[in-house]
Amino acid sequence: MATSTALQAREALGSRLRDLRKEAGLTGKGLAALAGWDSSKISKIEYGKQAPSADDIHVWCRACGAADQADDLVITARDIEAMYVEWRRRLRTGTRARQEKSQTLEAETQLMRWFEPVLVPGLLHTAEYATAVLERVAAFYEIPDDTDAGVSARMERQQVLYKRGHSFHFVMAQQALRTMVGSHDVMAGQLDRLLSIMSMARVRLGILPDRAPYVVPSNQFIMFDDRLVHVEAVSAELTITQPREIALYARAFSTLAGQAAYGTRARSLILDELEQLRNA
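Residues numbered from 1 in each chain as written. Predicted model: local features only at pLDDT ≥ 70, side-chain atom pairs only at ≥ 80, totals over all residues. Heavy atoms only, no water.

1. Structural notes on the overall build of the protein
Secondary structure assignment for the protein yields 13 helices and seven strands. Dimensions along the principal axes, computed over C-alpha positions, put the protein at roughly 75 × 40 × 35 Å. Of the contacts formed within the protein by residues at least 6 apart in sequence, a portion of 75% connects residues at least 24 apart. Mean positive and mean negative side-chain charge positions of the protein (35 and 35 charges, respectively) differ by 4 Å. (Helix = DSSP H or I, 4+ residues; strand = E, 2+ residues; numbered from the N terminus. Contact = heavy atoms within 4.5 Å. Lys, Arg positive; Asp, Glu negative; His and termini not counted. Charge placed at Lys NZ, Arg CZ, Asp CG, Glu CD.)

See below:
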């Protein structure tokens, strides 16, 4: 899904450029000659097989007599590039920069909706749980290990939970209570943290029971108001801004939230897991 969304957007950009060429009465070979390119580059760009650079777009628009449209098309191309960012690129300097980027986005968001199938959402982490998670991230992606700095930034992010003008709706699968992150003590501390989070006025926390019926095809995703959605895949992070796609994620979240347990029922699920940890 991550790659197909970016590809569709790149194909749409290619279609716009193809229309400019045709409106100018140019063939692919004719445009290639004017631009000094191999003719295959024209078809690759027009069919979304190759992403045009800013220079490519300016050359294309000048050759087609549409220089006034170049800046808008360059912005579109940059938005497409931002849709799909490989983790090795996002995390090339370590984990802290990624945490700071999230902090900025969260500060601009009034309503955050967050679904997690396997782990506790990052904004709810204890420092020990966050340390175990970020250590695994650094090891898996073979990036610089700045775990201490990353954890510090993640803890700073949590200040937004206490600020007026923000509200949060978290839904996590029951599996997230069971996935062993760090030691038993780390998990016990994290579950205790969830129990305390439930008393916060701005936070709504739901637990999707493990026997809830399958009704929504879904993986981890975070909604920032109705502006954009982040989806974390194994290889990359996808940023979704298309209104119809955002509406689909909103529908998925609403359905999952409708299946989740809240209040006393959610607290019981957490307490059951906590008791099993302590008995173990």
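2. Concerning helix 3 (residues 39-46)
Residues of helix 3 that are buried include every one of Lys41, Ile42, Ile45 and Glu46, and no others. Down the axis, helix 3 shows its buried residues gathered within 125° of arc, on one side only. (Buried < 20%, exposed > 50% of the residue type's maximum accessible area, 1.4 Å probe, protein only. Arc of directions from axis to C-beta.)

3. Regarding the pairing of strand 2 (residues 111-116)
Buried residues dominate strand 2, accounting for five of its six residues. Across six bridges, the pairing between strand 2 and strand 3 (residues 167-173) is parallel. In the strand pairing of strand 3, tryptophan 114 is matched with phenylalanine 170. Judged from the four bridges that link them, strand 2 and strand 5 (residues 221-224) form a sheet pairing that is antiparallel. Note that in strand 5 the partner of methionine 112 across the bridge is phenylalanine 224. (Pairing = 2+ DSSP bridges.)

4. Description of the packing of helix 11 (residues 184-197) against helix 13 (residues 263-279)
Contact geometry of helix 11 with helix 13 gives a least axis separation of 10 Å together with a crossing angle of 160°. Compared by their axis directions, helix 11 and helix 13 come out roughly antiparallel. For the pair helix 11 and helix 13, the sense of crossing is left-handed. On the side of helix 11, the interface is formed by His184, Met187, Ala188, Leu191, Asp192, Leu194 and Leu195, while helix 13 contributes Arg267, Ile270, Leu271, Glu273, Leu274, Leu277 and Arg278. (Axes fitted to C-alpha atoms, helices over the stretch in contact; angles between N-to-C directions. Parallel < 35°, antiparallel > 145°, perpendicular 65-115°, else oblique. Left-handed = near helix turned anticlockwise from the far one by under 90°.)

5. A word on the packing of helix 7 (residues 96-107) against helix 9 (residues 147-157)
Between helix 7 and helix 9, the least distance of the axes is 8 Å, while the angle of their chain directions is 10°. Taken together, the axes of helix 7 and helix 9 lie roughly parallel to each other. Between helix 7 and helix 9, the residues in contact are Arg96, Gln99, Ser102, Gln103 and Glu106 and Ala149, Gly150, Ser152, Ala153, Arg154, Glu156 and Arg157, respectively. Split by residue class, the contact of helix 7 with helix 9 holds two nonpolar, five polar and five charged. (Nonpolar A, V, L, I, M, F, W, Y, C, P; charged D, E, K, R; others polar.)

6. A word on the environment of glutamate 106
Within the element layout of this structure, glutamate 106 appears in helix 7. Its relative accessible area of 2% is what places glutamate 106 among the buried residues. Separated by 55 residues in sequence, glutamate 106 and leucine 161 have C-alpha atoms that sit 9.7 Å apart.

7. Some details on the state of the cysteines
Evaluation of the coordinates by the stated rule reveals zero disulfides. The thiol of cysteine 61 is not disulfide-bonded; the next cysteine sulfur, from cysteine 64, is found 6.9 Å away. (Disulfide = S-S within 2.5 Å.)

8. Some points on the packing of aromatic side chains
Using the criterion set out here, one finds seven aromatic pairs in the structure. Here the aromatic rings of phenylalanine 115 and phenylalanine 221 are separated by 6.0 Å at their centres, their planes lie at 40°, and the arrangement is tilted. Of this pair, phenylalanine 115 sits in strand 2 while phenylalanine 221 is found in strand 5, placing the two residues 106 residues apart along the sequence. Considered together, phenylalanine 115 and phenylalanine 221 belong to a single accessibility category, that of buried residues. (Phe/Tyr/Trp six-rings, centres within 6.5 Å; stacked < 30°, edge-to-face > 60°.)

9. Examining the nonpolar core
Across soluble globular proteins, you tend to see nonpolar side chains buried next to one another. Core analysis: the biggest nonpolar cluster contains 38 residues, and Leu124, Leu161, Phe170, Met172 and Leu194 have the highest contact counts within it. Put simply, the parts of the chain that give this core at least two residues each are strand 2, helix 8 (127-141), strand 3, helix 10 (175-178), helix 11, strand 4 (203-208), strand 5 and helix 13. With seven residues, helix 11 is the largest single contributor of residues to this core. Setting aside residues up to four positions removed in sequence, leucine 124 forms contacts with Gln158, Leu161, Phe170, Met172, Gln190, Arg193, Leu194, Ile197 and Leu205. (Core = buried A, V, L, I, M, F, W, Y, C linked by side-chain atoms within 4.5 Å.)

10. Notes on the pairing of strand 3
Within strand 3, six of the seven residues are buried, leaving the element largely enclosed by the surrounding structure. As defined by bridge partners, strand 3 adjoins strand 4 across six bridges and the pair is classed as parallel. Looking at strand 4, one finds that methionine 172 is bridged to isoleucine 207.

11. Remarks on the pattern of salt bridges
What the rule picks out here adds up to nine salt bridges. Between arginine 16 and aspartate 72 there is a salt bridge whose closest N-O contact spans 3.0 Å. Here arginine 16 is found in helix 1 (residues 2-23), whereas its partner aspartate 72 is found in helix 5 (residues 70-83), with 56 residues between them in sequence. When its relative accessible area of 43% is taken as the criterion, aspartate 72 is described as partly exposed. Residues aspartate 56 and lysine 41 are paired through a salt bridge, measuring 3.0 Å at the closest nitrogen-oxygen approach. Within this pair, whereas aspartate 56 is found in helix 4 (residues 54-63), its partner lysine 41 is found in helix 3, the two being separated by 15 residues in sequence. Across the pair, exposure class does not vary: aspartate 56 and lysine 41 are buried alike. (Salt bridge = Lys/Arg side-chain N within 4 Å of Asp/Glu carboxyl O.)

Purely geometric numbers; function is a separate question.
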